[in-house]
Amino acid sequence: MVFSPYIPGSETKPEYPLDRFLPPLPPGMIRQWVSAQIPRGSWILDPIGNSPQLVLDLARMGYLVLVTANNPVNAFLIEMLAQSPDKASLEEALGILARTDFNGQPLEKSIRAFYTVPCTNCGYAMEVSSFLWQKEETSPFGFRGTCPNCQKSGEQALTPEAKASLPSLSSYSIYHARALESVVALDDPQRNQLETALNCYLPRAMVILQTILLKLTKLPLSSRQVNLLQALLLSTFDSANSLWAYPPPPTRRRQLTIPAVFRENNIWQALERSIDLWSGKGTPVSCKQWPDNPPLSGGISMFKGRLRDLEPLAETDLVQAAVSILPRPNQAFWTLSAVWSGWLWGKAAVQPIKQALSRQRYDWNWHTNALRSSFQASRPYLTGSKPFFMAIFENEHNFLSAALYAAKSAGLSLQSFSLSGDNLAVQSCWKPGAFPLEQTEPSRFMDVGSTAAVDFLTSKAQPCEYEPLHAAMLIALCREDLLGVPDGKKLDLPLTETYRQTDSILLDKARFTRFGGGSSSTDSGLYWLADPPPGIETLADRIEQKVIDLLHQPGDLSQAGIKEALYQVFPGLLTPSDQYITTCLESYAGLLPGEIPQWSLRANERYEKRQEDLEEIRAKCASLGADLKFDVLKDGDTIKWLSGDPAHCYTIFIKLTAQLSSLYSDRSSTGKKVIILPGSRANLLAYKLKHDPYLNNLIASHFMVVKFRQLRAIYENPLITRDLWDILIKEDPPELSAAQLALL
């Protein structure tokens, strides 16, 4: 097993339909990952079909993709996005719907009237983009939009007069009954659960959506136009529900719970916005139904169901690799997929995912079993040593534990692993291998996990979050065939027992210490070695030095080029975060404008210029010490000011970088300790202090930090005394800011 460099892909991701429920796959990531190992024109299996973008990217790269999609919504996304419908066709189809008659006027006009209120500023009848609601209230409290008359924009209060001006709804019960009947029969035992799911649609949204669906059945449309309107409606179904928190939260929606404050979006505007979501998403690719084959130039053969039900069976030597983005449990999306499938395609379409209506919660033990089932169905197609590339997005330790436990329990062997710098994305490669061993010696599990944790912290050489540390233990357990269950054995609460063992490892105070975090759980705070080895060099310092080396190379560098170079040097669990990379760059370089911005080393950061600064500061420190009547001893970049009282002596460390690992083992200096460094290093040092409590405690307890410009000002002060010196060096400590000010 090797730790491989993380592949970031492109930072610019186009918006796709239902994006908030789908894996956030960066463009280009799969291209770099797969094309280096699998020849184009090969068959690739996606046994889960969780990411339409993944399937389409592979097909457009020239691969033949066999994808199984049990969720009808995912299957439809793949089919329609493969066609890459043009904007004009979508607009034409929506135009037909817009002009259809509804109560003597065009349907579009009737729907827009439900979102038209007087502007609170000028009284003009304006169309809102959304109404604002508080949960459990019977009417909205405000709205958002831009008045075309006075240009007032943003949030406005909804007055009682404005509420009264809105059109009254038709009989809601009729439309609600239709919404139910489209999904399940009247006597279906899951009807009550469906009622709960439909509660996320307000009456206005329900009436409008069901009206549109009813009209769709009566319009003289071609089959392609029906598909285009179904596509627009599918994304609008999501826009029309009450799961849009206001203001938007940083996390994605996973549970079917209505936020305390939410938006009710304008449905017609949502239909119009959907046109851009579906159009212009790449060149069209062939999408066939299994067992029909796409052209050899690349395409998709889709089976609508689970891989274990594939009919007819594929030859086991057909595929050359498997690639999947693993799904995260998402009760909201899976339940709504059942609802939307019934609305668009009828009860029969709901059957493959009907059980989603009855399950209110998906725990990680359940998810481990589900993943294992998919991996077991894939294994017969991975003959020889064919690889299975797996990616995880929105990673957390539960998700990663479920994936690794399931893969090992399906007889797969971990070949490579990498984790993004923010710990949110995982890339791993597996091949058929040995099944886990029966655990007859629990102590071996503990020994392997503990050794892995110590080794990882030693390699990182600084405190670390729970996520990568836990990953290091799981990887070691996979390597020793200790994670998972033997072939044929049932998974019974697999993660519960795993956590009991791994978490107890980190509670060993003889080996580990913890900064922060709650007492009720182990997955927060930062972990470090109880007795760090001498002579360590922190990962942060090593990354900073590599950034310096890159910036001193001839020519300017793009952010992507710098990241790629760093990822090669710091692979696997050591991937630096984007935030830290940028903080390092801002400390030494400037960003040149352009279509692809380039980083350029600042002139005052070149080696020769900084050496001049070093000589200057060294001379000023020696002279200042003598002026203050200290005995001055020079030892390279360390200067000591000695006096008769050891408590009033100073050891001064002059630094050109923010690399302070060498000070960890400083035990010989007595008295007060001062670090002097360039002001442009202050923000970088502040970042390190914030993210490394061990370093922060060391600096706070034993050191004062002075910037070059401070030292220069003190040197020029004709009134300087020992007491004044002691005051002035404490006046401007490093503080973390969003923008780095390159001060000398």
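Residues numbered from 1 in each chain as written. Predicted model: local features only at pLDDT ≥ 70, side-chain atom pairs only at ≥ 80, totals over all residues. Heavy atoms only, no water.

Counting secondary structure elements, the chain contains 26 helices and 28 strands. For the chain, the C-alpha atoms occupy an extent of roughly 100 × 75 × 50 Å along the three principal directions. Counting over 744 residues, the chain shows a buried share of 56%. Put simply, the chain shows about 31,100 Å² of open surface, and 52% of that area lies on carbon and sulfur atoms. Charged side chains in the chain number 72 positive and 76 negative. The centres of these two groups are separated by 3 Å. (Helix = DSSP H or I, 4+ residues; strand = E, 2+ residues; numbered from the N terminus. Buried < 20%, exposed > 50% of the residue type's maximum accessible area, 1.4 Å probe, protein only. Areas by Shrake-Rupley, 256 points an atom, 1.4 Å probe, with all protein chains shown as cover. Lys, Arg positive; Asp, Glu negative; His and termini not counted. Charge placed at Lys NZ, Arg CZ, Asp CG, Glu CD.)

The next subject is the confidence of the model for the chain. Across the chain, pLDDT averages 93, with 98% of residues at or above 70. Long-range and interchain partners of residues 738-744, a stretch whose pLDDT sits below 50, account for 21 contacts in this model, where long-range means more than four residues apart. (pLDDT = per-residue confidence, 0-100. Contact = heavy atoms within 4.5 Å.)

This part takes up the side chain of S84. With respect to the helices, strands and loops of the structure, S84 is situated in the loop between α3 (72-83) and α4 (87-99). Among the polar contacts listed, one links the side chain of S84 to the backbone oxygen of G282, at a separation of 2.5 Å. Each residue touching S84, except ones within four places of it in the same chain, is listed here: R60, G280, K281, G282, T283 and P284. (Polar contact = N/O pair within 3.5 Å; in protein donor to acceptor, adjacent residues only side chain to side chain.)

Another point: empty space enclosed by the protein. Counting across every chain of the model gives three cavities of 30 Å³ or more. Estimates place the volume of the largest cavity at around 160 Å³. Together, 18 residues line the largest cavity, and F21, P23, R328, N330 and E394 are the ones closest to its centre. Each residue belonging to the lining of the largest cavity can be placed in one class, and the counts come to eleven nonpolar, two polar and five charged. Each pocket or cavity is described by its volume, and for the second largest cavity that value is around 60 Å³. (1 Å grid on protein atoms, 1.4 Å probe; cavity = no way out; pocket = protein on both sides within 12 Å on 5 of 7 lines; lining within 4 Å. Points joined across faces, edges and corners; volume = space filled by probe spheres on them. Nonpolar A, V, L, I, M, F, W, Y, C, P; charged D, E, K, R; others polar.)

Bringing the sheet that holds strand β13 (residues 299-303) into the picture now. Read across the sheet, nine strands follow the order β1-β16-β17-β15-β14-β2-β3-β13-β12 without closing on themselves; strand pairing throughout is mixed. Taken across any chain shown, the strands that pair with only one partner, and hence form the sheet edges, are β1 (2-3) and β12 (286-289). Taken together, the two bridges between β1 and strand β16 (residues 412-419) define a ladder with parallel strand orientation. Opposite V2, over in β16, you have S416 as the bridge partner. Packed on one face of the sheet, helix α17 (residues 466-479) meets β1, β16 and β17 (425-432) and runs near 155 degrees to β16. (Pairing = 2+ DSSP bridges. Axes fitted to C-alpha atoms, helices over the stretch in contact; angles between N-to-C directions.)

Okay, the sheet that holds strand β19 (residues 512-515) next. Strands belonging to one sheet form pairs held by backbone hydrogen bonds; the direction of such a pair is parallel or antiparallel. With respect to topology, three strands assemble into an open sheet ordered β18-β20-β19, the strand pairing being antiparallel. Of all strands in the sheet, those with a lone pairing partner are β18 (464-465) and β19, marking the two edges. Inspection of the sheet shows β19 paired to strand β20 (residues 526-529) by four bridges, in the antiparallel sense. In the strand pairing of β20, F512 is matched with L529. Across the sheet, helix α16 (residues 442-460) is in contact with β18, β19 and β20; its angle to β20 comes to roughly 90 degrees.

Here we come to the packing of helix α8 (residues 191-198) against helix α12 (residues 331-345). Remark: α8 packs on α12, axes separated minimally by 10 Å, with the N-to-C direction vectors making an angle of 95 degrees. Relative to α12, the element α8 lies roughly perpendicular. Between α8 and α12, the contacting residues are L194, A197 and L198 on the first element and T335, V339 and W343 on the second. Partitioned by chemical class, the residues of the contact of α8 with α12 number five nonpolar, one polar and no charged. (Parallel < 35°, antiparallel > 145°, perpendicular 65-115°, else oblique.)

Okay, unusual backbone geometry next. Here the residue pair Y246 and P247 is connected by a cis peptide bond, since its omega of -5 degrees sits within 30 degrees of zero. Take P247: it is sitting in the loop between α10 (223-239) and β11 (261-265). In the segment running from E311 into P312, the intervening peptide bond is cis, with an omega of -5 degrees. Among the structural elements, P312 can be located in the loop between β13 and β14 (319-325).

Here we come to the pairing of strand β10 (residues 153-157). When strand β9 (residues 142-146) meets β10, the two strands line up antiparallel, connected through five bridges. Bridge assignment links G145 to a residue of β10, and that residue is G154. Linking β9 to β10, which pair antiparallel, is a turn of six residues; within it Q151 sits at a positive phi near 70 degrees.

Time to look at the pattern of salt bridges. A complete count under the given rule lists 34 salt bridges for this structure. Note that E79 is salt-bridged to K304, the shortest N-O span being 3.1 Å. Within this pair, whereas E79 is found in helix α3, its partner K304 is found in the loop between β13 and β14, the two being separated by 225 residues in sequence. Given a relative accessible area of 48%, K304 falls into the partly exposed group. Linking R712 and E616 is a salt bridge whose minimum nitrogen-to-oxygen distance equals 2.9 Å. One end of the pair, R712, is in helix α25 (residues 708-716); the other, E616, is in helix α22 (residues 607-627), and 96 residues separate them in sequence. Taking relative accessible area as the criterion, E616 reaches 25% and is therefore assigned partly exposed. Via salt bridges that share partners, R602, E605, K609, R610, D613, E616, K620, R681 and R712 belong to a single interconnected network. (Salt bridge = Lys/Arg side-chain N within 4 Å of Asp/Glu carboxyl O.)

Okay, the packing of aromatic side chains next. As enumerated under the stated definition, the model contains 25 aromatic pairs in all. Centre to centre, the rings of F76 and W278 are 6.1 Å apart; their planes meet at 65 degrees, and the pair counts as edge-to-face. Here F76, found in helix α3, pairs with W278, found in helix α11 (residues 267-278); they are 202 residues apart in sequence, far enough to count as distant. The exposure class assigned to F76 is buried, which follows from its relative accessible area of 5%. (Phe/Tyr/Trp six-rings, centres within 6.5 Å; stacked < 30°, edge-to-face > 60°.)

Examined against the element boundaries, S301 turns out to sit in strand β13. Take S301: its relative accessible area is 0%, and that puts it in the buried class.

Here the focus is the nonpolar core. With 221 residues, the main nonpolar core has Y201, W278, W340 and W343 as its most contacted residues. Once you skip the residues sitting within four places of it in the chain, Y201 turns out to touch M206, L209, F237, D238, A240, N241, S242, L336, W340 and W343. Counting residues in hydrophobic clusters, the runner-up holds 23 residues, among them L628, Y650, V674 and F708. (Core = buried A, V, L, I, M, F, W, Y, C linked by side-chain atoms within 4.5 Å.)

Relative orientation of the contacting elements helix α7 (residues 172-181) and α8 amounts to 125 degrees, with a least axis distance of 10 Å. In terms of orientation, α7 lies oblique with respect to α8. α8 is crossed by α7, and the crossing has right-handed handedness. For the pair α7 and α8, the contacting residues are H176, A179, L180 and E181 in the first and R191, L194, E195 and L198 in the second. (Left-handed = near helix turned anticlockwise from the far one by under 90°.)

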